[in-house]
Amino acid sequence: MRILLANPRGFCAGVNMAIQCVEEAVKIVGTPLYVYHEIVHNRHVVQQFVRQGVVFVDDIDEVPSHSTVIFSAHGVSPDVRKRAKGRGCTMIDATCPLVTKVHMEAIRYARQGYHILLVGHAGHDEVVGTVGEAPGAISIVESPADVEKLPFTDADPLVYLTQTTLSMDDANLIIDAIKKRYPHVKSPPSEDICYATTNRQHAVRDLGRDVDVVLVVGSRNSSNSVRLTEISQNTGTRAYLVDDVSELRHEWFDGVENVLVTAGASAPEHLVREIVDNLLTKHGGQVEERHVVEEDMHFELPISLRRLRERAPVR
Ligand code: SF4
């Protein structure tokens, strides 16, 4: 069996930065260390930190007063920051800068009097955080059908923004519906769907056409991993989302000659390697790396962490 490895795959610059934040903070302040929401949407990454004594919370009030708390890569609303500050917590903001960019756009457009149509998934951590920047000035739009239900008129100043990890195809369908109903709608100054999401989708679309099966490594709550799986399925190729090697079903590969393996932006590379090794052991064959787009993006650690590091001796 021929196993193609998609490039780029796996960790993006935002995920690398967020994980490094937790690693550094554990060294500086020790444990228990609190993280608001899963630092990135990957079960293995979270479990590894839990084993080190990191505590993940979904309610900021669960963080004891005067503790250190890290905000996840998906960003938080100002209300969460305010409540953490009120508890005397030291805050480390591991929000991906590309999510922060969308927050800033939301704040700016709301101040200018626009109503924001946020294309994204209601309930996703990132969307909840963005909505919190301008509550009352944002409507979430999840589908073209939602566009039909919007109460605005041609006279209303409207702008659309998008969640960073959407399928480009799905987002474009919704944006087309928005533009059709509201031709005057303002577009964001630049694309909100991030480079990592875009590149991984390009790779899976390009390479997935010529294979029998696509395997996407990632957790089910990882938006960009789910989108990679859907993109493959939409092009007619069988695709499976697996968290790790234990979820492989070897009947998926009966009579299969070509498999594409990719990974969502929050999936560690060692999980990909374990899966590839398992496939080689069970089915034989060879591995080929395929490069569709080169990436060299890097994000600095947040200033709050760098200050903490300067002030405290590393344990
Ligand atoms: S997927 Fe994109 S927005 Fe999300 S952390 Fe990675 S680079 Fe940032």
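This text goes with the structure placed above it.
Quick look at the structure, then. (Residues numbered from 1 in each chain as written. Predicted model: local features only at pLDDT ≥ 70, side-chain atom pairs only at ≥ 80, totals over all residues.)

Below, the discussion takes up the site of the ligand. The full set close to the ligand counts 15 residues, and Cys12, Gly14, Cys96, Thr164 and Cys194 are the nearest of them. Looking at the shell around the ligand, the elements that each hand over two or more residues are helix H1 (13-29), helix H4 (97-111) and helix H8 (195-208). Of all the elements, H1 adds the most residues to the shell around the ligand, at three residues. Here the residues of the shell around the ligand sort into 10 nonpolar, five polar and no charged. (Near = placed C-beta within 6 Å. Helix = DSSP H or I, 4+ residues; strand = E, 2+ residues; numbered from the N terminus. Nonpolar A, V, L, I, M, F, W, Y, C, P; charged D, E, K, R; others polar.)

Let's shift gears to the sheet that holds strand E2 (residues 33-36). Taking strand neighbours across the sheet as the criterion, the four strands line up as E3-E2-E4-E5 in an open arrangement whose pairing is parallel. Taken across any chain shown, the strands that pair with only one partner, and hence form the sheet edges, are strand E3 (54-57) and strand E5 (90-93). Along the sheet, successive strands turn relative to each other by an average axial angle of 25 degrees, direction set aside. Of the strand pairs in this sheet, strand E4 (residues 68-71) and E5 are connected by four bridges, and their pairing is parallel. Residue pairing for E5: Phe71 is matched across the bridge by Asp93. Here H1 sits on the sheet and contacts E2, E3, E4 and E5; the angle it forms with E4, its principal contact strand, is near 175 degrees. (Pairing = 2+ DSSP bridges. Axes fitted to C-alpha atoms, helices over the stretch in contact; angles between N-to-C directions. Contact = placed C-beta atoms within 7 Å.)

This next bit is on the pairing of strand E9 (residues 213-217). Most of E9 is tucked away, with four of its five residues classed as buried. As paired elements, E9 and strand E10 (residues 238-242) share five bridges and run parallel to each other. Bridging from a neighbouring strand, Val216 pairs with Leu241 of E10. (Buried ≥ 20, exposed ≤ 12 C-beta atoms within 10 Å, placed from the backbone.)

So, on to the packing of H8 against helix H9 (residues 223-234). Relative orientation of the contacting elements H8 and H9 amounts to 25 degrees, with a least axis distance of 10 Å. Put simply, H8 runs roughly parallel to H9. As H8 packs across H9, the resulting crossing turns out to be right-handed. For the pair formed by H8 and H9, the contact residues are Thr197, Arg200, Gln201, Val204, Arg205 and Gly208 on the first element and Asn224, Arg227, Leu228, Ile231 and Ser232 on the second. (Parallel < 35°, antiparallel > 145°, perpendicular 65-115°, else oblique. Left-handed = near helix turned anticlockwise from the far one by under 90°.)

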